[in-house]
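Residues per chain are reported as follows:
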Amino acid sequence: MSTGSGAVVFTDQSGGDQLSLVDILDHVLNQGIMIRGNLVISLAGVDLVYVGLDMILTSIETAMRHMNPPAPLAKK
Amino acid sequence: MPVLLYCVAEASAPLEGPRTGVRGQPVARIEHCGLAVYLSRDSNSDAWTRPPVRDSVLEFHQVLRQLFASVAILPFRFPTIVAGDRELEAHLESASERYKHLLEKYKTSVQVEVLVSPVEKPGAPSTASGTEYLRTRKSQLDGLDQIVAGLSSVAGCAVIEWQVRRLPQGVRWFGRLERDSVDQFKAAMKTWKLPAGHIARVSGPWPVTEFFHLDPS
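Residues numbered from 1 in each chain as written. Chains lettered and ligands numbered in written order. Predicted model: local features only at pLDDT ≥ 70, side-chain atom pairs only at ≥ 80, totals over all residues. Heavy atoms only, no water.

### A word on the domain arrangement of chain B
Residue and element names in this part refer to chain B.
- Along its sequence, chain B is carved into domain 1 (3–106) and domain 2 (109–206).
- Residue-level contacts link 7 residues of domain 1 with 7 residues of domain 2.
- Both faces considered, domain 1 and domain 2 share a buried interface measuring about 500 Å² in area, 55% of it formed by carbon and sulfur atoms.
- Considering only the side of domain 1, the residues that lose the most area to domain 2 are H61, F68 and Y106, jointly responsible for 84% of the buried surface there.
- At the junction of domain 1 with domain 2, the criterion picks out 0 salt bridges.
- Joining domain 1 to domain 2, the criterion identifies 4 residue pairs in polar contact (both at pLDDT 80 or more). (Domains from an automatic or database assignment. Contact = heavy atoms within 4.5 Å. Buried area = accessible area lost by both parts, 1.4 Å probe. Salt bridge = Lys/Arg side-chain N within 4 Å of Asp/Glu carboxyl O. Polar contact = N/O pair within 3.5 Å; in protein donor to acceptor, adjacent residues only side chain to side chain.)

### Description of the pairing of strand β3 (residues 35–41) of chain B
All names here are of chain B.
- With 6 of 7 residues buried, β3 lies mostly within the body of the structure.
- As paired elements, strand β2 (residues 28–32) and β3 share 5 bridges and run antiparallel to each other. Across the sheet, the residue bridging to H32 is L35, located in β3.
- Hairpin connection from β2 to β3: 2 residues lie between these consecutive antiparallel strands, with C33 at a positive phi of about 55°. (Buried < 20%, exposed > 50% of the residue type's maximum accessible area, 1.4 Å probe, protein only. Helix = DSSP H or I, 4+ residues; strand = E, 2+ residues; numbered from the N terminus. Pairing = 2+ DSSP bridges.)

### Regarding the confidence of the model for chain B
- For chain B, the mean per-residue pLDDT works out to 88, and 94% of the residues sit at or above 70.
- The complex model carries a pTM of 0.79, and its ipTM stands at 0.81. (pLDDT = per-residue confidence, 0-100.)

### Some points on the nonpolar core
- If you look at the biggest cluster of nonpolar residues, it comprises 49 residues, and the most contacted ones within it are Y6, V114 and F185 of chain B.
- Here this core takes 8 residues from helix α2 (residues 53–68) of chain B, the largest share from any one element.
- Residue contributions to this core reach at least three from each of two domains, namely domain 1 (3–106) and domain 2 (109–206) of chain B.
- Among the nonpolar cores identified, the runner-up in size contains 24 residues, and I35 of chain A together with L35, V37 and L102 of chain B belong to it. (Core = buried A, V, L, I, M, F, W, Y, C linked by side-chain atoms within 4.5 Å.)

### So, the environment of S117 of chain B
Residues and elements named next belong to chain B.
- For S117, the position within the fold is in strand β6 (residues 109–118).
- In this structure S117 comes out as buried when scored by relative accessible area, which is 5%.
- Separated by 56 residues in sequence, S117 and W173 have C-alpha atoms that sit 11 Å apart.

Right, here's the structure in full:
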C-alpha cells in the first residue's frame, strides 16, 4: 500500500461548516445519556418528535454528501 | 414545567455556566444528590424541537461545549425532556451513584475521533462482476484495517485507550486521552502518513461518551 498522500482534515466544533455540523449532529443526537420510561414526556404527541428527527436526518444525509471530496477534474 | 436537560457534572462544576441555551432559554443549574445538572425550563416544550431543529441542536451543543471546556460532563442526548424538577430529582436519586462513578473515572479524560474513508465510495462497483465487487470491497476493508493499525501506532503515545467502529463509509476510530494531551495527539496526527486514496477527518476533544454505556437501563 502506498503511503503519505491521503488527506488528513482537522475539523472544529463551531458548526459553521458541513463537516463540523455532521460531527455535532452525531454527538448531540446519538451519544450521551438516554433516559427511558415515563420520565420522558412526549412533545405534543410523539409525531412532532419524529418530524423533528426526520428533518435532522435529512440534514445529515445532505451534509454527508459534502464529506466526500469531489472527484478530481479530468485534465484536458 | 417541562425541563430540557443538557448535562450532568460534578457538584464542583462552575456556578456560572452558559447563560442562554436552546431557543434563547436561560440555562439553570441545580444541585441534587451531589451532582450539578444544567437545564432549561419552558412551559411550552414544543419550542425546543420546533423547526429548524438544526438551530436547536447547535444551541444545545454550544451549552455543552462551554461547560466541557472546563469540566467533565455527561451530556444528555437531545432532546431529553422531563416533565418537571421532581421527575429529574427522582431520576438523579436512582442514577446518581453511576453518574458520580463515571464523572470521577473520566474526570480528566477527553475523546478524540478520526473518521477514515476511501475517497472512492466504499464498495463502489467498478466492474459488472459480483465477484470483482466483493474482492474490491474486501481489499478496501483490509486497507482500512491497516490504516487503523497505523493510526493507533502513531497516536499511541498520547492515547490511554482506543476503539474502532466500522461504518458503511469507512471506519471511525475513538481515542481516550488526558485533556492535556490533545495538542500532543493533534501533533501526532500531523505526522501521520495516510495512504493515498483516503481521507481522514480528525475531531475533538469531545466528552468521553464512547467508552462507557450511559443508558441506565
